Structures are given as structure tokens and as C-alpha cells.
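Descriptive analysis of the structure
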Amino acid sequence: MPAPIPAVWHPQNAEEACRLKRRFGEDAVYVSGGTLLRTQWEAGDRQVPAGLIDLTAVKELRGLEEEGGALAIGALTTLTACRREPGVQNRFPLLAEAARAIAAPPVRNLATIGGNVLSEVGDSLPALLAYEARLEWQQGEEVRTQAAAEWLERTRGGPEDANRLLLRIRLPLEAAEPDGGDGGNGRTFGFYEKIGRRETFVPSSVTMAIRGRIDGGGRLRDIRLAAGGGRTIPKRFPLLEERLEGAAADDNAVLTLHRLLLEQYAPAPDPFESADYRKRVAANVAASHLWKAIRNQEGERRAGDAAQSREQRRPMADEAGRTG
Ligand SMILES: Cc1cc2nc3c(=O)[nH]c(=O)nc-3n(C[C@H](O)[C@H](O)[C@H](O)COP(=O)(O)OP(=O)(O)OC[C@H]3O[C@@H](n4cnc5c(N)ncnc54)[C@H](O)[C@@H]3O)c2cc1C
């Protein structure tokens, strides 16, 4: 017997969408781009429910704007827009890079950042965690915000409130990349990397975002590191970040990062790759990026020193020319 055709609702605002979800509970789902839901329905991982709540007309979920010290990204923003928007590309490049690494352009044109977050294992999440993103929810008639890291942590025990609607993702501007990458207080760095058997279409082995700063005295500052990939719910590593705060930016710091990640990361295995393999990949990727950041900074410092000593020699040579 063919499956019954689901009813489709088109709420015009967030409260209306939430009311519908509360009324129909598990018999209805929110639909944004529908790319993940469709895959789940086709694979038989999830049943097509009796009702679909189409979010495309919900105005509160649209747009990107700076507001209250954050870049607020509407949950309906497509991954293509996240990749191309100058506000994201220039200030939150790890998120733009994450969006580029998800699926192929036709999927990215439909897929939304909200749907990616709600998948709980989406490849945008490590970048969002590294930027200390906050999630803004419509919960009944109230609007609440919560750190993305806290939401993911609680999600491990099952969804906190399956009826609430994600409105926007807020990225604090203080986490934004300063112009030219130089915070005026040392050199900032950041990397996003997705490692997999293929770049897109199959779940990744490891997806990682790392950012931080090397201060004028050559010490690591404000390191933020998040990892996920495959079926692993992404997470930050506060203990590791604490250990690296103020550490000399040298090979010892790289070794410490590698060791602590091996100790603290517990990825989920899948039929293709063991948890141990994923853990080692994560530690190697993180260590190699930190090593590169340190080397780049040393290279720049040496180039700066050389330029300065050339500048200092020039007046002496000019003086010698005049008196000679
Ligand atoms: C070929 C292909 C390749 C893919 N490759 C990748 C990949 O490399 N990396 C990756 O991370 N993902 C990948 N995906 C999965 C998917 O496309 C993305 O996660 C996408 O961002 C989901 O967004 P969506 O708008 O399509 O979500 P939808 O399918 O509409 O929804 C996903 C889930 O989120 C819920 N939801 C959606 N919006 C909201 C909201 N505002 N509030 C509350 N709940 C909401 C839905 O109810 C549903 O449970 C791939 C999918 C396909 C088909």
C-alpha cells in the first residue's frame, strides 16, 4: 500500500510554527531545506510523518545581521549563503570553509545552517563551537538563547525539547577574525579541516576547527578547539584549552595538544572506522595545524626582524655616504 501523503502547513511566523509542532508532536516535523529529512526517509531511518511544517515563510528565520555584539544568522540561511556572505567569509572564515566542505552545490543551495545544526552531527558544528556560537530558540511563546556547546552536551541524553524552533545562530563579534588576522596583540590563527574517505557525500572521519592567538611574547592565547565527524556529536575541549593557555608556542605545546586530544576525545565508531583510528586522526590534524601556525608566526617574526635591522642599517649607511 502506498504511504499516505503527509499534510503540509506553511506557518508565517515562529510562534505559529511552534504551536503547530506542539499540537501534533511526533506526528509532524519542521522542514527547512529538507535535504537531510529526505535522505533519512529514503533510507528508511525515519518514517515520513503525517504532517510537515514547512518553515520557508517564517520571517524570523531569515537574514544575517549584526546585532547586540553578534552576527545573527537566520536558521534558514542556506549553506551556499554561509559560504559566500562577506560577513561570514571575512569575519568567520572557519564557518565559510565548513559550508564549502558540506555536500555539493545543488544540496548546499537548499540545505540550511539550521538543519545542519539540528542534525546534531553536522559539519558546521565544530566551526560554530570554536566561535562560541549561541543558539536562539522559539520555545512556545518565549525566545531563549543557549550556548551551542551546552545544547550539544544536553542532546547526548536525548533531545531537550523536540518542539522548539531554532531561530538564529549568534556568533559573538569578539570571536571574529580581526582585519588582516592581526589582533594588534599578536597573531591570530584558525583552521577548519574535514577528513574523510571522500571530501563530501560520506560522513567524515574527523571534522575539526581550531583557532587562537600567539601573543607578542610568543605564548598561546584563547585556543578554541572543537572536533566531531561521522556519528560523533561534536564537542569542545575546555581542559585542553586551559592547559594550553599561556603555554610557550613551541614544539612542546604541539606534543601536549596531541597527547591531551588522545586522552580526551571519545569519537563514535562506525562500520568503516574504529574510534581509535578517528581519535588518532583528530590528534594528528590538530597537532599539524598548531605546528603550522607556530612556524608561520616564527617566519613572520624573523622577516619582521630582518626588515627592522635593514631599516636600522640604512641611516648609518646614508650617514657614511654623506661623510665619505
Ligand atoms: C547528498 C548529500 C550529502 C550531504 N553531505 C553532508 C555533509 O558533507 N556534511 C553534513 O554535515 N551534512 C551533509 N548532508 C546532510 C544535510 O544536507 C545537511 O545537514 C543540511 O544542512 C541539512 O539542512 P536542511 O535544511 O536540508 O535540513 P532539513 O532536512 O530540513 O532538517 C534536518 C533536521 O532539522 C530539523 N530542523 C530543520 N530546521 C529546523 C529549525 N529551524 N528548528 C528546529 N528544527 C529544525 C528538521 O526537523 C530535521 O530533523 C548531506 C545530505 C545529502 C542529501
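Residues numbered from 1 in each chain as written. Predicted model: local features only at pLDDT ≥ 70, side-chain atom pairs only at ≥ 80, totals over all residues. Heavy atoms only, no water.

As for the pattern of salt bridges
Should the charged atoms of two oppositely charged side chains come close, the side chains can pair. Within this structure, the stated rule accounts for 26 salt bridges. Residue Arg-144 pairs with Glu-142 through a salt bridge whose shortest N-O separation is 3.0 Å. Judged by its relative accessible area of 43%, Glu-142 is partly exposed. With a closest N to O distance of 3.3 Å, Glu-263 and Arg-259 form a salt bridge. One end of the pair, Glu-263, and the other, Arg-259, are both in helix H11 (residues 251-264), four residues apart, so they sit about a helical turn from each other. Glu-263 sits in the exposed class, given a relative accessible area of 53%. What makes Arg-259 partly exposed here is its relative accessible area of 39%. Through salt bridges with shared partners, a single network forms among Glu-65, Glu-67, Glu-136, Arg-168 and Arg-170. (Salt bridge = Lys/Arg side-chain N within 4 Å of Asp/Glu carboxyl O. Buried < 20%, exposed > 50% of the residue type's maximum accessible area, 1.4 Å probe, protein only. Helix = DSSP H or I, 4+ residues; strand = E, 2+ residues; numbered from the N terminus.)

Here's the deal with the packing of aromatic side chains
Under the counting rule described, the total for this entry stands at five aromatic pairs. Taking the centre distance of 5.6 Å and the plane angle of 80 degrees together, the rings of Phe-237 and Tyr-265 count as edge-to-face. Here the residue Phe-237 occupies a position in the loop between strand E12 (232-236) and helix H10 (238-244), and Tyr-265 occupies one in the loop between H11 and helix H12 (275-323), the gap between them amounting to 28 residues. For Phe-237, a relative accessible area of 1% translates into the label buried. (Phe/Tyr/Trp six-rings, centres within 6.5 Å; stacked < 30°, edge-to-face > 60°.)

Quick notes on the environment of Glu-65
Residue position: Glu-65 is located in strand E4 (residues 64-67). For Glu-65, a relative accessible area of 40% puts it in the partly exposed group. Those residues in contact with Glu-65 that lie beyond four places of it in its chain are Ala-70, Leu-71, Ala-72 and Arg-168. (Contact = heavy atoms within 4.5 Å.)

Points about the pairing of strand E7 (residues 142-147)
Across six bridges, the pairing between strand E6 (residues 134-139) and E7 is antiparallel. Looking at E7, one finds that Gln-139 is bridged to Glu-142. Hairpin remark: E6 followed by E7, antiparallel, with two residues in the connecting loop; positive phi at Gly-140, about 60 degrees. (Pairing = 2+ DSSP bridges.)

Some words on the site of the ligand
Around the ligand sit 28 residues, and of these Tyr-30, Ser-32, Thr-35, Thr-112 and Asp-123 come closest. The contact in question runs from an oxygen atom of the ligand to an N or O atom on the side chain of Thr-35, over 2.5 Å. Measuring from an oxygen atom of the ligand, one finds a side-chain N or O atom of Asn-116 at 3.0 Å. Protein contacts shield 87% of the accessible area of the ligand, which totals 990 Å² for the unbound molecule. Every element with two or more residues in the shell around the ligand is listed here: strand E2 (28-31), helix H2 (35-43), helix H7 (113-118) and strand E8 (165-172). Among the residues making up the shell around the ligand, the classes are represented as 15 nonpolar, nine polar and four charged. (Near = heavy atom within 4 Å. Polar contact = N/O pair within 3.5 Å; in protein donor to acceptor, adjacent residues only side chain to side chain. Areas by Shrake-Rupley, 256 points an atom, 1.4 Å probe, with all protein chains shown as cover. Nonpolar A, V, L, I, M, F, W, Y, C, P; charged D, E, K, R; others polar.)

Some remarks on the nonpolar core
In terms of nonpolar packing, the biggest core is built from 39 residues, with Phe-92, Leu-95, Val-117, Leu-128, Leu-135, Ile-169 and Leu-171 touching the most fellow members. Those elements that provide at least two residues to this core are strand E5 (70-74), helix H3 (79-84), helix H5 (93-100), H7, helix H8 (125-130), E6, helix H9 (148-155) and E8. Residues lining this core come from more than one domain, with at least three contributed by each of domain 1 (7-175) and domain 2 (181-304). Contact partners of Ile-169, with chain neighbours within four places excluded, come to Leu-71, Ala-72, Ile-73, Ile-113, Val-117, Leu-128, Ala-133, Arg-134 and Leu-135. Grouped together as the second largest cluster of nonpolar side chains are 29 residues, Phe-191, Ala-227, Phe-237 and Leu-290 included. (Core = buried A, V, L, I, M, F, W, Y, C linked by side-chain atoms within 4.5 Å. Domains from an automatic or database assignment.)

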